[in-house]
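Spelled out from the first residue to the last, the chains are:
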Amino acid sequence: MEKRRLGRTGLMVSALGLGGIGFIGQYRKSKDQALKVINMALDAGVNFIESARAYFDSEEIIGEVMKTRRKECYLATKSYLRSAAQMEKEIERSLSALKTDYIDLYQIHHIQYLYELENVLGPNGAYAAILSAKKQGVIGHIGVTSHNPKILEEVLRTNKFDTVQYPFNPAETEFYEKITPVCKELDIGSIIMKPLCGGRLKSVESALSFILSHDISTVIPGCVTPEQMALDIKVAGEYRSLAGEEKLALSEEIKNLPDQFCRRCRYCEGVCPQELKISDVFRCEEYLILNATYARNEYKSLEKLADSCLDCGKCEEICPYNLPVRDMLKRAHGRLSKGKFEDFVVNLVRKIGIYDRVRKLYFDIFRRIPER
Ligand code: SF4
Ligand code: SF4
């Protein structure tokens with residue numbers, strides 16, 4: 001497995017890492033499968049595993065493997081919490097879940113606005129707690145993650161972060177173009193999330209080859225099944241710059257991506273009189289396919305929900321992709337707000353241990369995967 005330098009951390013990480021988002025909700029549901037995926041990755045030489053406090057049981061699952069294989073990889077995780085007091089406790093929770101006494105990289109999760117950065121870097125902000133843990137030898141390095149290309153250069157220019165995690169794939173290249181020169185200048189390691197554009201790109205081999213051929217440190221696809229892991233390992237061993245036909249097929253796929261697909265540029269948010277975090281609403285909707293509980297919790301935690309939209313249409317005037325933003329918001333709100341009765345039923349079938357059988361029955365009858 002090819003190793004690359006993770007910026008000024010000096011860590012030599014595998015070009016293919018493993019993202020822990022795929023393990024959300026797997027502890028009770030398919031723990032053995034998740035453990036198999038992690039073991040396969042380590043066996044193949046993947047030495048960078050990443051998770052988040054927000055990914056429910058993901059850290060716990062990774063921790064199961066770390067009981068015996070901790071020395072074989074670098075561990076990274078992250079937290080949304082913004083105050084020093086909260087973060088201090090959060091690091092303890094990560095250490096306990098991951099069954100380790102040392103985390104190689106702790107990241108401030110999802111910085112979307114500069115005021116958040118100010119809070120985080122302030123005297124009582126989360127950064128101080130991570131720095132203190134670093135001085136105590138519990139944390140190795142400090143990173144940051146974001147879905148907002150507009151502010152990221154400013155975030156990195158504070159020179160407080162050793163790594164940055166951002167979305168990059170053949171359909172979303174804006175971040176990479178903006179951030180790579182800054183990463184080079186400040187020697188910041190780059191960790192790539194959303195390599196398949198939130199599951200929209202089906203040409204896994206081409207998309208991963210495309211990313212690996214660029215100047216990044218590591219890409220961390222979230223694998224759920226051993227088959228997905230095997231494919232990613234194969235691509236990481238064989239990838240090369242895409243040639244004519246593959247390039248053409250990929251651009252054709254990108255052209256044919258559904259029109260109603262938010263690219264997270266956030267131009268609309270600058271003009272919204274309600275200051276709605278429009279792209280965050282769509283991000284939560286994306287998560288429905290992975291784990292509806294997680295998606296709904298994320299949605300509920302937004303400052304304003306999509307039903308506060310005034311229907312003024314300013315977002316649609318500015319959206320460079322001509323998206324019908326208002327209709328999309330209504331749809332997203334509908335999908336993310338329903339479900340009290342479903343939540344009750346799903347929790348019940350989970351509790352009595354027949355969730356997988358019910359899910360399969362649903363699929364057999366309706367020929368589609370249920371949302372949760
Ligand atoms: S809705 Fe349009 S303008 Fe707003 S973030 Fe998405 S792509 Fe950008
Ligand atoms: S239509 Fe709604 S979401 Fe769009 S700018 Fe107006 S208030 Fe904001």
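Bear in mind the structure is a predicted one, so any value in this text is a computation, not a measurement. (Residues numbered from 1 in each chain as written. Chains lettered and ligands numbered in written order. Predicted model: local features only at pLDDT ≥ 70, side-chain atom pairs only at ≥ 80, totals over all residues. Heavy atoms only, no water.)

Asker: Looking at this model, I keep getting lost on the sheet that holds strand S8 (residues 163-167). Mind explaining?
Answerer: The strands making up a sheet associate through hydrogen bonds between their backbones, and the pairing can be parallel or antiparallel. Pairing within the open sheet is parallel, and its eight strands lie in the order S3-S4-S5-S6-S7-S8-S9-S10. This sheet does not close on itself; its edge strands, each paired only once, are strand S3 (18-19) and strand S10 (218-219). As defined by bridge partners, strand S7 (residues 139-145) adjoins S8 across three bridges and the pair is classed as parallel. Counterpart to valine 144 in the pairing with S8 is valine 164. (Pairing = 2+ DSSP bridges. Helix = DSSP H or I, 4+ residues; strand = E, 2+ residues; numbered from the N terminus.)

Asker: I'm lost on the domain arrangement of the protein in this one. Help?
Answerer: Interfaces are often described in size by the accessible area the parts lose on coming together. Per the domain assignment, the segments making up the protein are domain 1 (3-250) and domain 2 (268-338). For domain 1 and domain 2, the distance between their C-alpha centres works out to 25 Å. Between domain 1 and domain 2, the contact holds 15 residues from the first and 13 residues from the second. In total, domain 1 and domain 2 occlude about 1,100 Å² of area from one another, counting both sides; carbon and sulfur atoms represent 51% of this. Counting the surface domain 1 buries against domain 2, the share from its top three residues, Ile24, Phe56 and Tyr113, is 35%. At the boundary of domain 1 with domain 2, the tally comes to one salt bridge. Across the pair arginine 200 and glutamate 286 runs a salt bridge, and its minimum N-O distance is 3.2 Å. Between domain 1 and domain 2 we count five residue pairs in polar contact (both at pLDDT 80 or more) in total. Tallied by class, the residues present in the side of domain 1 that touches domain 2 amount to eight nonpolar, five polar and two charged. (Domains from an automatic or database assignment. Contact = heavy atoms within 4.5 Å. Buried area = accessible area lost by both parts, 1.4 Å probe. Salt bridge = Lys/Arg side-chain N within 4 Å of Asp/Glu carboxyl O. Polar contact = N/O pair within 3.5 Å; in protein donor to acceptor, adjacent residues only side chain to side chain. Nonpolar A, V, L, I, M, F, W, Y, C, P; charged D, E, K, R; others polar.)

Asker: How do you make sense of the confidence of the model for the protein when you look at a structure like this?
Answerer: Considering every residue of the protein, the mean pLDDT works out to 89; 92% of them sit at 70 or more. In this model, residues 367-372 is a region of pLDDT below 50 whose contacts with residues beyond four sequence positions or in other chains number 22 contacts. (pLDDT = per-residue confidence, 0-100.)

Asker: Would you mind showing me how to read the pairing of strand S5 (residues 74-79) here?
Answerer: Every other side chain in a regular strand lies on the same face of the sheet, so the side chains alternate between the two faces. Among the six residues that make up S5, five are buried, leaving the element largely enclosed by the rest of the structure. As defined by bridge partners, strand S4 (residues 48-50) adjoins S5 across three bridges and the pair is classed as parallel. Bridging across to S5, glutamate 50 finds its partner in alanine 76. Crossover S4 to S5 through helix H3 (residues 58-69) is right-handed. Pairing of S5 with strand S6 (residues 103-108) involves four bridges; the strand directions are parallel. By the bridge assignment, alanine 76 is partnered in S6 with leucine 105. Handedness of the crossover joining S5 and S6 through helix H4 (residues 84-97): right-handed. (Buried < 20%, exposed > 50% of the residue type's maximum accessible area, 1.4 Å probe, protein only. Right-handed = clockwise from strand over helix to strand, strands pointing away.)

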